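# Per-entry structural report
Now for the letters of each chain:
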Amino acid sequence: DENIVPIIADAVDYLKLRISSKIELGFYAEQAEIMTKVNKSLMEWVVENIVKNAVDAMEGKGKITVNLKQIENEIILDITDTGKGIAPGKLKTVFQPGFTTKARGWGLGLSLVKRIVEEFHQGKISVHKSELNIGTTFRVILNAK
């Protein structure tokens, strides 16, 4: 059992130092303590992978917001970007191995993110919403303790 708030905050702080200064990266938690069973390293990697994909989708400038809240027995982690969005026809395949929008890349990041969230943490991950040329929100739902 861990407080997930500082885990996500640390991941965001780490990324702020490594991404373009033209990208605004913010973290907001509704509570100071949200307890869950979590593997710190794996969850940091989940946040890092989704944020790095968002950075790529924004082509170097924009805004990424990481929101964390608990509603009853669910923890909701939303990562929202102001990137180019995901075409409706591709939403069903973003978590499949090999899906990539990059010229170089294996397309394994989101499939590993899905495995970490769903198999290791017994949570759920989805594209909560995406609009072309407006942005995308990935949602991770975990069980609260």
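For the structure given in this document, a descriptive report is provided here. Sequence order sets the numbering: in each chain, residues are counted from 1 along the sequence as written. Since the coordinates come from a predicted model, pLDDT governs what is reported: local features require at least 70, and pairs of side-chain atoms require 80 or more to be given and counted, while whole-chain, interface and lining totals use all residues. In computing side-chain values, all of the structure's heavy atoms are included and hydrogens and water are not.

Further remarks concern a nonpolar patch on the surface. Like charges within 9 Å and nonpolar side chains (Val, Leu, Ile, Met, Phe, Trp, Tyr) within 5 Å are joined into patches, using only residues over 30% in relative accessible area that form no salt bridge. For every accessible area listed, the method is Shrake-Rupley and the probe measures 1.4 Å; residues are considered covered only by the protein chains on display. Salt-bridge detection follows one rule: a side-chain nitrogen of Lys or Arg within 4 Å of a carboxyl oxygen of Asp or Glu. A cluster of nonpolar side chains, contributed by Trp-45, Trp-106, Leu-108 and Leu-112, occupies part of the molecular surface with about 460 Å² of accessible area. Mapped onto the fold, Trp-106 is located in the loop between strand 5 (74–81) and helix 3 (109–120). Each helix is a run of DSSP H or I of at least 4 residues and each strand a run of E of at least 2, with the numbering of both proceeding from the N terminus.

Most of strand 5 is tucked away, with six of its eight residues classed as buried. In this sheet, strand 5 lies alongside strand 4 (residues 62–71) in antiparallel orientation, the contact comprising eight bridges. Residue pairing for strand 5: Ile-64 is matched across the bridge by Asp-81. Two strands pair under a simple rule: DSSP has to find at least two bridges between them. Counting the residues that bridge the hairpin from strand 4 to strand 5 gives two residues, and of these Glu-72 lies at a positive phi of roughly 55°. Burial classes follow relative accessibility: with a 1.4 Å probe on protein chains only, a residue under 20% of its type's maximum area counts as buried, one over 50% as exposed, and anything between as partly exposed.

A separate point is the nonpolar core. Soluble globular proteins tend to bury their nonpolar side chains together. Counting residues in each nonpolar core, the largest one holds 41 residues, and the members touching the most others are Ile-8, Val-51, Ile-64, Val-66 and Leu-68. Secondary structure elements with two or more residues in this core: helix 1 (4–16), strand 2 (23–29), helix 2 (40–57), strand 4, strand 5, helix 3, strand 6 (124–131) and strand 7 (135–143). The dominant element in this core, judged by the number of residues it contributes, is helix 1, at eight residues. Residues count as neighbours in contact if any of their non-hydrogen atoms are within 4.5 Å of one another. Excluding anything up to four places from it in sequence, Val-51 contacts Leu-15, Leu-25, Ile-64, Val-66 and Ile-79. Note on terminology: a nonpolar core comprises buried Ala, Val, Leu, Ile, Met, Phe, Trp, Tyr and Cys residues joined through side-chain atoms within 4.5 Å.

Before going further, it helps to spend a moment on the packing of aromatic side chains. Note on ring pairs: Phe, Tyr and Trp rings are taken, using the six-membered ring of Trp, and paired if centres are within 6.5 Å. Classes follow the plane angle, with under 30 degrees stacked, over 60 edge-to-face and the rest tilted. Tallying each qualifying case throughout the model produces one aromatic pair. Arranged with centres 6.0 Å apart and planes meeting at 85°, the rings of Phe-95 and Phe-138 form a pair that is edge-to-face. With a gap of 43 residues between them, Phe-95 in the loop between strand 5 and helix 3 and Phe-138 in strand 7 connect regions that are remote in the sequence. For a ring to carry a charge above it, either NZ of a lysine or CZ of an arginine must fall within 6 Å of the ring centroid while also lying within 35 degrees of the normal to the ring plane. It is Lys-114 that lies over the ring of Phe-95; its NZ or CZ is 5.5 Å from the centre.

This part takes up the environment of Asp-10. Counting through the fold element by element, Asp-10 comes out in helix 1. For Asp-10, a relative accessible area of 38% corresponds to the partly exposed category. A sequence separation of 34 residues divides Asp-10 from Glu-44, and the C-alpha atoms of the two residues are 8.0 Å apart. Leaving out residues up to four positions away in the same chain, Asp-10 has contacts with Lys-40 and Glu-44.

Attention shifts here to helix 1. To estimate how far a helix should reach, multiply one less than its number of residues by 1.5 Å. In this model, helix 1 (13 residues) spans 19 Å end to end at C-alpha, consistent with the 18 Å of a helix rising 1.5 Å per residue. Within helix 1, burial applies to Ile-4, Val-5, Ile-7, Ile-8, Ala-9, Ala-11, Val-12 and Leu-15. As used in this structure description, the phrase polar contact means that two N or O atoms lie within 3.5 Å; if the pair is within protein, one of them must be able to donate a hydrogen and the other to accept it, and residues adjacent in sequence are counted only when both atoms belong to side chains. Residue Asn-3 occupies the N-cap position of helix 1, its side-chain oxygen lying 3.1 Å from the main-chain nitrogen of Val-5.

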